[in-house]
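Residue-level listing of the chains:
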Amino acid sequence: MKTARLLPALVIALFTGKVFGFWEQGHLMVARIAYDHLSQESPSALSAANNLLQVYSNSNPSMTSLEGDFPFVECSTFADSIKAKGGSYQSGWHFIDNPFFDEGGSINDYPDFQFDEQNIGKVIPALVDWLSGNSGYQNSFAYQQITEHVSNENEAKSYALRLLIHYLGDIHQPLHASSRVNSKYPKGDRGGNSFQVPPKDDAKNLHSVWDSVVYDHADTPSLPYSSSAWNRLGGVCSDLENKYSFSSSEYNSVDVDTWVNESFAITQSNVYNGITEKQSLPSDYVQTNVDVIEKHIVLGGLRLATTIKTIFGNSGAVEEALFLQ
Ligand SMILES: *[C@@H]1O[C@H](CO)[C@@H](O)[C@H](O)[C@H]1NC(C)=O
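Predicted model only: the values in this text are computed from it and were never measured.

For the rest of this paragraph, the subject is the overall build of the protein. A count of helices and strands for the protein gives 13 helices and 4 strands. Looking at the 325 residues of the protein, the share that counts as buried comes to 42%.

What describes two packed helices is the angle between their axes and the distance between those same axes. Closest axis-to-axis distance for the helix α6 (residues 120-132)/helix α8 (residues 153-170) pair is 10 Å, and the angle between their directions is 140 degrees. As far as their axial angle goes, α8 and α6 are oblique. In the packing of α6 onto α8, the handedness of the crossing is left-handed. Counting all contacts with α6, which are made through I120, V123, I124, L127, W130 and L131, the residues of α8 involved are K157, A160, L161, L163, L164, Y167 and D170. Looking at the contact of α6 with α8 residue by residue, the class counts come to 11 nonpolar, no polar and 2 charged.

Let us now look at the confidence of the model for the protein. Summing up the model confidence of the protein, the mean pLDDT is 91 and the portion of residues at 70 or higher is 90%. Low pLDDT (under 50) marks residues 1-20, which in the prediction has 10 contacts with non-local residues, meaning those over four places away or in another chain. This stretch, residues 315-319, has a pLDDT under 50; its non-local contacts, to residues over four places away or in other chains, come to 7 contacts.

The next thing to look at is the environment of S42. Tracing the backbone shows S42 in the loop between α2 (24-41) and α3 (43-59). In the structure, S42 is positioned 263 residues away from A305 in sequence and 8.9 Å away in space, judged by C-alpha atoms. Not counting the four nearest positions on each side in its chain, S42 is found in contact with K309 and G313.

Counting residues in hydrophobic clusters, the biggest one holds 78 residues, and the most contacted among them are A49, L127, L164 and Y167. Residue contributions to this core peak at 9 residues, all from helix α12 (residues 283-312). Leave out the neighbours within four places in its chain, and L127 touches A142, A160, L163 and L164.

Looking at the element boundaries, V271 is found in helix α11 (residues 256-271). Taking the C-beta count within 10 Å as the criterion, V271 has 28 such neighbours and is therefore assigned buried. In this structure the C-alpha to C-alpha distance between V271 and G192, which are 79 residues apart in sequence, comes to 9.2 Å.

How each quantity is defined
Residues numbered from 1 in each chain as written. Predicted model: local features only at pLDDT ≥ 70, side-chain atom pairs only at ≥ 80, totals over all residues. Helix = DSSP H or I, 4+ residues; strand = E, 2+ residues; numbered from the N terminus. Buried ≥ 20, exposed ≤ 12 C-beta atoms within 10 Å, placed from the backbone. Axes fitted to C-alpha atoms, helices over the stretch in contact; angles between N-to-C directions. Parallel < 35°, antiparallel > 145°, perpendicular 65-115°, else oblique. Left-handed = near helix turned anticlockwise from the far one by under 90°. Contact = placed C-beta atoms within 7 Å. Nonpolar A, V, L, I, M, F, W, Y, C, P; charged D, E, K, R; others polar. pLDDT = per-residue confidence, 0-100. Core = buried A, V, L, I, M, F, W, Y, C linked by C-beta atoms within 7 Å.

Given below as structure tokens:
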């Protein structure tokens, strides 16, 4: 009975393991960039976040075995890794399928297209409200479903912070904010998952190409980090930060609708531009879009730092997190 149930799950994990979310490396980079900024700019917010993360890992060591000396960064893959361990209820929260009508038309022309209201655009603000203790935070579907799946409120809050760190990365991947809808895909192409490309670096469809940072960060690091691997990640991230710069107005507020719209705009302008299903992506497509998505990873990291400061920046929140510990 046990094997019969386990086997299909294993087979599914083997063949579909990398369908959702930036691959590990993209998430780890977003979290590392945030971590480096917080260490410099708001160490108290970072330590409050770390203290809150510890609440869940203390009582759930097997669920958090990838976390070692750098939990704020290492936990960024948690929301994906729990999908196969009872956490699949939040799989739909990793994206928002805003329809991209590349042949024109509108929603009225595609009655089979279904939009899921429980999406990343709703979940991120709900988690920020919860972690900030804003009034009415208990009313969100995110709060209600997470607390159903985690044994008590304190642990649930700690778990919710892990999800938030992950979703901040996902929302900066354009195909997590869009689904192409046209005559071939009247229900949508599932954020590019239906758009096949010849396999390269394990990426078999357009969605996974973008998850791999357009082939540029397809590596799967071993977690928890050794100190040398941690330092290597730091080097990769500081190189990225030196390459792209932003004005503070682009990252100094928690403005989820703007983030969703920016990702959607990249889908419209770049993601499907100049490519054909089942054909290799042209080298100029790859070159152009590596820059586009790397830049967005840096922006994601800066915005995650802002989000953490917003939640933990005041001393009350810090004290509360310490108390929870
Ligand atoms: C995002 O895009 C939608 C649809 O075009 C628009 O209604 C909304 O005002 C935009 N939001 C922001 C914050 O730009």
